[in-house]
Amino acid sequence: MAEPVFDVTQPKEDELDIRPLSGALGAEVRGIDLKQLDESDFETIHSLLMQYSVLAIHDQAHLSDDDLRDFGLRWGELDVHGYSPTVKGFKDLLNIRSGPERRASAEGWHSDVSWKEIPPKISMLLARTVPSIGGDTVYASQYKAYEDLSDPMKDLLEQLDAEHDGRVFDIDLIRKPVRHPVVLRHPETGRKALYVNAGFTRRIADLPPIESQGILSMLYDHCTRVRYQARVRYEVGTLSIWDNRCVQHCAPPDYGYEERELHRVAVLCDERPAR
Ligand code: SIN
C-alpha cells in the first residue's frame, strides 16, 4: 500500500477553535477569516480537510460571491456544472435555493457530479439564508465504509469499475456514462474509499444486471450507515467544505417551505479518480 503523502500536522491548528462533528468525520472551525488567508493559513485548512474530510467554517458571511470563487480557485480549477441554476453573473457558482415556490432537490445520497470524467474533488457551500430549524447537510465517510468491509469483499470491489451518469439533469446523459473505480485511492491521503453513490451510479461495469444490482444495493445500504455520518448545522455565513473523493452527502428537506440559500463552488480533481 502507498504511504500517505499528506502531512496533517501544520502550524496554527492549535490557535483555532476546532470541534469534531462526530466520531466518523467532520469538524466545526471558528477563528479564521477565509478572505485573509496567507499560505500558512490555507495549508492549515487544507490539512484539517484531509484529516476530517468535512469542515464547517463559521463566521464567513462577509465573503462576497467573488471572494467565495477566489477561495475555491486556491484549490484548483472550478467546475462548470452546466445544468443546475447559477448565481446571476457566474457560470461556476451554483445557487442552491429553496423556498415557498421551489423545493430542495438534493435529498438523496450522492457524491457531487460523479457523472463527469473529471468530477469535483472539493465542494463548498456558503450559507446565505438558513431556515429557522433544519436544512443541515448530512455527510458519510466513504473511508470508514470501505475500511469496515471484509477482506474478501474488499478484494472483489477493488477489481471493479462502475458507470455513472447525470440523467437526473438531462436524460440524454444516459448515453454518456463514465467509468470510475468502485474503490479509489485518495491521491493526497493515500487512503482507500468507496466511490459509488445512489444518485449517479447506474451499474457495475462488465457484470450481468442481477450481480450489479445485488452489489450496488448492498453498498448503498452499507456506505451511508448512521455510524459513518456527521451533520453540518448552518448559521448564516457558515462555509461547509468537503472532499467528494471520500465523502457522500445529502440534504434532508426538513424545513417545509422556509427559505434556504447556499452558494456552491466545486473544484475539479487534478486527474481522473484512480485505484
Ligand atoms: C448539494 O448536493 O450540493 C447541495 C447540498 C445541500 O443543499 O445541502
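See the structure above.
To keep things clear, this report deals only with the structure shown in the data block. (Residues numbered from 1 in each chain as written. Predicted model: local features only at pLDDT ≥ 70, side-chain atom pairs only at ≥ 80, totals over all residues. Heavy atoms only, no water.)

On the surface, Tyr83, Val168 and Phe169 cluster together into a nonpolar patch covering about 270 Å² of accessible area. Note on placement: Tyr83 falls in the loop between α2 (65-73) and β4 (94-98). Relative accessible area serves as the criterion here: at 36%, Tyr83 is assigned to the partly exposed category. (Patch = residues over 30% accessible without salt bridge, like charges linked within 9 Å, V, L, I, M, F, W, Y side chains within 5 Å. Areas by Shrake-Rupley, 256 points an atom, 1.4 Å probe, with all protein chains shown as cover. Salt bridge = Lys/Arg side-chain N within 4 Å of Asp/Glu carboxyl O. Helix = DSSP H or I, 4+ residues; strand = E, 2+ residues; numbered from the N terminus. Buried < 20%, exposed > 50% of the residue type's maximum accessible area, 1.4 Å probe, protein only.)

Let us now look at the environment of Leu63. In this fold, Leu63 is placed in the loop between β3 (54-57) and α2. Considering only alpha carbons, one finds Leu63 and Val196, 133 residues apart in sequence, at a separation of 33 Å. If sequence neighbours within four positions are ignored, Leu63 has contacts with Asp33, Leu34, Lys35, Leu126 and Arg128. (Contact = heavy atoms within 4.5 Å.)

With that out of the way, let us pick up the sheet that holds strand β8 (residues 178-181). Taken in spatial order, the three strands make up an open sheet running β8-β7-β11, and their pairing is antiparallel. Of all strands in the sheet, those with a lone pairing partner are β8 and β11 (201-204), marking the two edges. Across the sheet, the mean angle from the axis of one strand to that of its neighbour is 35°, orientation sign disregarded. (Pairing = 2+ DSSP bridges. Axes fitted to C-alpha atoms, helices over the stretch in contact; angles between N-to-C directions.)

This model, assessed by the stated rule, comprises seven aromatic pairs. Taken together, a centroid distance of 5.8 Å and an interplanar angle of 65° make the contact between Tyr83 and Trp115 edge-to-face. With a gap of 32 residues between them, Tyr83 in the loop between α2 and β4 and Trp115 in the loop between β4 and β5 (120-129) connect regions that are remote in the sequence. Since its relative accessible area comes to 6%, Trp115 is described here as buried. Seen in terms of ring centroids, Tyr139 and Trp242 are 5.2 Å apart; in terms of plane orientation they differ by 55°. Their pairing is tilted. Pair noted here: Tyr139 is in strand β6 (residues 137-141) and Trp242 is in strand β13 (residues 239-243), with a separation of 103 residues, a long-range link. (Phe/Tyr/Trp six-rings, centres within 6.5 Å; stacked < 30°, edge-to-face > 60°.)

Let us look at the pattern of salt bridges. Scanning the entire structure with this criterion turns up 28 salt bridges. Across the pair Lys192 and Glu158 runs a salt bridge, and its minimum N-O distance is 3.2 Å. In this pair, Lys192 is assigned in strand β10 (residues 192-194) and Glu158 in the loop between α4 (151-157) and β7 (161-164), connecting sequence segments 34 residues apart. The salt bridge partner of Glu188 is Arg245, with a shortest N-O separation of 2.9 Å. Of the two residues, Glu188 sits in the loop between β9 (183-185) and β10 while Arg245 sits in the loop between β13 and β14 (247-250), which places them 57 residues apart along the sequence. A residue is classified by how much of its surface remains accessible, and Arg245, at 5% relative accessible area, is buried. Salt bridges linked by common partners bring Asp136, Arg231, Arg233 and Asp254 together as one network.

Turning our eyes to something else, we now look at the nonpolar core. Counting residues in hydrophobic clusters, the biggest one holds 29 residues, and the most contacted among them are Leu55, Ile57, Phe71, Trp75, Met124, Leu239 and Ile241. Of all the elements in the fold, those that place two or more residues in this core are β2 (27-30), α1 (39-52), β3, α2, β5, β13 and β15 (260-268). Apart from the residues lying within four places of it in its own chain, the contact partners of Leu55 are Ala27, Val29, Ile45, Leu48, Leu49, Leu239, Ser240 and Ile241. (Core = buried A, V, L, I, M, F, W, Y, C linked by side-chain atoms within 4.5 Å.)

Next up on the list: the sheet that holds β6. One open sheet accounts for three strands, arranged β12-β6-β14; its pairing is antiparallel. Because the sheet does not close on itself, it has two edges, and the strands there are β12 (229-232) and β14. Between one strand and the next, the sheet's axes are offset by a mean angle of 25°, whatever the strand orientation. Alignment of β6 against β14, held across four bridges, turns out to be antiparallel. Within β14, the residue paired with Tyr139 across the bridge is His249.

Right, let's talk about the site of the ligand for a bit. Around the ligand, the neighbouring residues are Ile96, Ala106, His110, Asp112, Leu125, Thr137, His249, Ala251, Arg260 and Arg264. One nitrogen or oxygen atom from the side chain of Thr137 is found 2.6 Å from an oxygen atom belonging to the ligand. Take Arg264: an N or O atom from its side chain is 2.8 Å from an oxygen atom of the ligand. Protein chains bury 96% of the 260 Å² of accessible surface belonging to the ligand in isolation. When the residues that make up the shell around the ligand are grouped by side-chain class, the tally is four nonpolar, three polar and three charged. (Near = heavy atom within 4 Å. Polar contact = N/O pair within 3.5 Å; in protein donor to acceptor, adjacent residues only side chain to side chain. Nonpolar A, V, L, I, M, F, W, Y, C, P; charged D, E, K, R; others polar.)

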